[in-house]
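Inside the fold
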Amino acid sequence: MKPFLRSQLERYAQRLGELDFLLSREDIMSDMAQYRRISVEHAEVTQVAGRYARYQQREADLAGAREMLADPDMAEMAQEELTGAEAELVQLEDELQRLLLPKDPDDARNAFVEIRAGTGGDESALFAGDLTRMYTRYAATQGWKVEVMSANESELGGYKEIVLRVEGDHVYGALKFESGGHRVQRVPATETQGRIHTSACTVAVMPEPDEHQAITLNPADLRIDTFRASGAGGQHINKTDSAVRVVHLPTGIVAECQDGRSQHSNKAKALQVLQARIQEKERSERAAKEAALRKGLIGSGDRSDRIRTYNFPQGRLTDHRINLTLYKLLYVMEGDLGDVLQALAHAREAEQLEELEMGATG
């Protein structure tokens, strides 16, 4: 194990003793907010300290097994112990490295996934529809719930823009690296000469704000318009001005919702999307500044960054950030996104580990 990792882990063992002492104090036990905060930290520190204690135990077992190897009567048993300890130490070190990485507090949240057609006209809108289906199918494999917040459908099918709300366990953490430019290369259905066209969509994945946070928007900064919902939706559509569009005047950011039955529910949903978009703008500006300081593989999530190419004639998906190429495009388009998302998460973990090491030695 690298010395910088070991020194970090030693601190956890020390911190656990401090937290045990704090939790035993009467003044802290009587302050519920402080007690809860310390209890949460105690649970996290206990997990790391416990795994590190196991690592140290297996290190001692390994040393003991090496000594036993010299005794011919014990050699076979010692070799068995040696093999088991070495394998577990590798596994534990990997686990401990991950536990030490800084966590994004938004990772556990639900997310809004916004897909917009870009260059390529009708073909781009059709591709936005394909991406919507891909994310919806992947969500189904994870047991997540998907709700359409707003959709601007294209005449030939697909979407000029669609916003999905994805609800479930760790949604934002799983999907956040999908933000950016997605490019498709294929022969469109409307192409008579059989030529391959290139078109693009942009995806933005935003963590859903806390319910009470939407109220923090200053009403004076908002313009709220109501209009009649359009498109498929059954008998309740076009009877009343139930669709809602909210404009945040200081930034010009717009959100709308026409999917709910009532104006009240549409307004609440539009405000949530608006809040998420405002926070996303602030986050991407911060990320762009940080990216100027360090050139991360995964990028800043800027939607102008081209992150992935879907090449249909070759059945190939390429993620340009991590040089990942998979020849199973049709499976991916049916929602088999696990390999891609896992590779991106591992690449980010490797980056974070490097940053952690540089911070420790810098």
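Below: a short report on this structure. Residue positions are given per chain, counted from 1 along the sequence in the order it is written. Local features in a predicted model are, by the rule used here, given only for residues with pLDDT of at least 70; side-chain atom pairs are given and counted only at 80 or more, and totals for whole chains, interfaces and linings are based on all residues. Working from all heavy atoms in the structure, the side-chain values ignore hydrogens and water.

As for the packing of helix H3 (residues 32–68) against helix H4 (residues 75–100)
Rules: Orientation is described by axes fitted as lines to C-alpha atoms, over the contacting stretch for helices, and by angles from 0 to 180 degrees between their N-to-C directions. In DSSP terms, a helix is any run of H or I states spanning at least four residues, a strand is any run of E spanning at least two, and both are numbered starting from the N terminus. Between 65 and 115 degrees an angle is taken as roughly perpendicular, under 35 as roughly parallel, over 145 as roughly antiparallel, and anywhere else as oblique. Each crossing is labelled by how the near helix is turned from the far one, with a counterclockwise turn of less than a right angle marking it left-handed and a clockwise turn marking it right-handed. Under this grouping Gly is polar, as are all residues other than the nonpolar Ala, Val, Leu, Ile, Met, Phe, Trp, Tyr, Cys and Pro and the charged Asp, Glu, Lys and Arg.
Their axes nearest at 8 Å, the elements H3 and H4 cross at an angle of 155°. Taken as axis vectors, H3 and H4 run roughly antiparallel relative to one another. When you trace H3 past H4, the crossing you get is left-handed. Here the residues of the contact of H3 with H4 are counted per class, giving 15 nonpolar, 2 polar and 11 charged.

With respect to the packing of aromatic side chains
Counted only if it meets this: Aromatic pairing here means that ring centres of Phe, Tyr or Trp (its six-membered ring) are within 6.5 Å. Orientation follows from the plane angle: under 30 degrees is stacked, over 60 is edge-to-face, and everything else is tilted. Summary of the burial criterion: residues with accessible area below 20% of their type's maximum are buried, those above 50% are exposed, and those between are partly exposed, where the area comes from a 1.4 Å probe applied to protein chains only. Any Lys NZ or Arg CZ that is within 6 Å of a ring centre and within 35 degrees of that ring's normal is treated as a charge sitting over the ring.
What the rule picks out here adds up to 3 aromatic pairs. When the centroid spacing of 6.5 Å and the interplanar angle of 15° are considered together, the rings of Tyr 52 and Tyr 55 count as stacked. With Tyr 52 and Tyr 55 both in helix H3 and 3 residues apart, the pair spans about one turn of that helix. Judged by its relative accessible area of 2%, Tyr 52 is buried. Ring geometry for Tyr 138 against Trp 144: centres 5.7 Å apart, planes inclined by 80°, an arrangement best described as edge-to-face. Each of the two residues, Tyr 138 as well as Trp 144, counts as buried. Sitting over the face of the ring of Phe 312, Arg 186 holds its NZ or CZ atom 4.9 Å from the ring centroid.

Description of the sheet that holds strand S9 (residues 306–311)
Cut-off, in case you're wondering: Strands were regarded as paired on the criterion that DSSP finds at least two bridges between them.
Reading across the sheet, the 8 strands line up as S2-S3-S1-S5-S4-S9-S10-S11 and stay open at both edges, with mixed pairing between neighbours. A single partner strand is all that each edge strand has here, and the edge strands are strand S2 (145–153) and strand S11 (324–326). On average, each strand axis in the sheet is inclined to that of its neighbour by 15°, with strand direction left out of account. Two strands pair when backbone bridges link them, and S2 and strand S3 (residues 159–167) are joined in this way by 8 bridges, in the antiparallel orientation. The residue of S3 that forms the bridge with Ala 151 is Ile 162.

So, the pattern of salt bridges
Note the cut-off: For salt bridges, the criterion is a side-chain nitrogen of Lys or Arg within 4 Å of an Asp or Glu carboxyl oxygen.
Applying the stated criterion to the full structure yields 36 salt bridges. The closest approach of N and O atoms between Arg 58 and Glu 81, which form a salt bridge, is 3.1 Å. Residue Arg 58 is located in helix H3, and its partner Glu 81 is located in helix H4; the two are separated by 23 residues in the primary sequence. Taking the relative accessible area as the measure of exposure, Glu 81 reaches 29% and is therefore partly exposed. Of the charged contacts in the structure, one is a salt bridge between Asp 107 and Lys 176, with a shortest N-O distance of 2.8 Å. Taken together, the residues span a long stretch of sequence, with Asp 107 in the loop between H4 and strand S1 (111–117) and Lys 176 in the loop between helix H6 (171–175) and strand S4 (180–186) at a distance of 69 residues. With respect to burial, Asp 107 and Lys 176 carry one shared label: buried. Salt bridges here are not isolated pairs; linked through shared partners, they connect Lys 145, Glu 147, Arg 165, Glu 167, Glu 208 and Lys 269.

Focus on unusual backbone geometry
What you tend to see is this: most non-glycine residues have negative phi, and most peptide bonds are trans. At His 170, a residue that is not glycine, the phi angle is positive and equals roughly 60°. Relative to the helices and strands, His 170 is located in the loop between S3 and H6. Residue class for His 170 comes out partly exposed when judged on its relative accessible area of 38%. Even without being a glycine, Asn 323 presents a positive backbone phi close to 50°.

Thoughts on the nonpolar core
Worth spelling out the cut-off: Definition of nonpolar core: a set of buried residues of the types Ala, Val, Leu, Ile, Met, Phe, Trp, Tyr and Cys, connected through side-chain atoms within 4.5 Å. We call two residues in contact when some of their heavy atoms are within 4.5 Å.
Core analysis: the largest hydrophobic core is formed by 35 residues, its most contacted members being Val 113, Leu 131 and Tyr 310. Residue assignment for this core shows that the elements contributing at least two residues are S1, helix H5 (121–142), S3, H6, strand S5 (197–207), S11, helix H8 (329–333) and helix H9 (338–361). Looking at this core, the element that brings in the most residues is H5, giving 7 residues. Val 113 has contacts with Tyr 135, Ile 162, Val 163, Leu 164, Val 166, Leu 175, Val 203, Ala 204 and Val 205, leaving out every residue within four places of it along the chain. Of all hydrophobic cores here, the second largest spans 18 residues; its members include Leu 5, Tyr 52, Tyr 55 and Leu 92.

Digging into the sheet that holds strand S8 (residues 253–257)
In spatial order, the strands read S6-S7-S8; together these 3 strands make up an open sheet with antiparallel pairing. Unpaired on one side and paired on the other, strand S6 (222–227) and S8 mark the two borders of the sheet. Adjacent strand axes in the sheet meet at a mean angle of 15° when their direction is disregarded. Of the pairings in the sheet, the one linking strand S7 (residues 243–248) to S8 comprises 5 bridges and is antiparallel in character.

Comments concerning the packing of helix H1 (residues 3–24) against H4
Between H1 and H4, the shortest axis-to-axis distance is 11 Å and the interhelical angle comes to 70°. It follows from the interaxial angle that H1 and H4 lie roughly perpendicular. Handedness of the crossing formed by H1 with H4: left-handed. Of the residues in H4, those in contact with Leu 5, Gln 8, Leu 9 and Tyr 12 of H1 are Glu 93, Leu 96, Gln 97 and Leu 100. In terms of residue class, the contact of H1 with H4 is built from 5 nonpolar, 2 polar and 1 charged.

Some remarks on the pairing of S5
Bridging between S1 and S5 involves 7 bridges; their strand directions are antiparallel. Within the sheet, the bridge partner assigned to Val 113 lies in S5 and is Val 205. Bridging between S4 and S5 involves 7 bridges; their strand directions are antiparallel. Each residue of the ladder has a partner; that of Gln 185, found in S5, is Thr 198.

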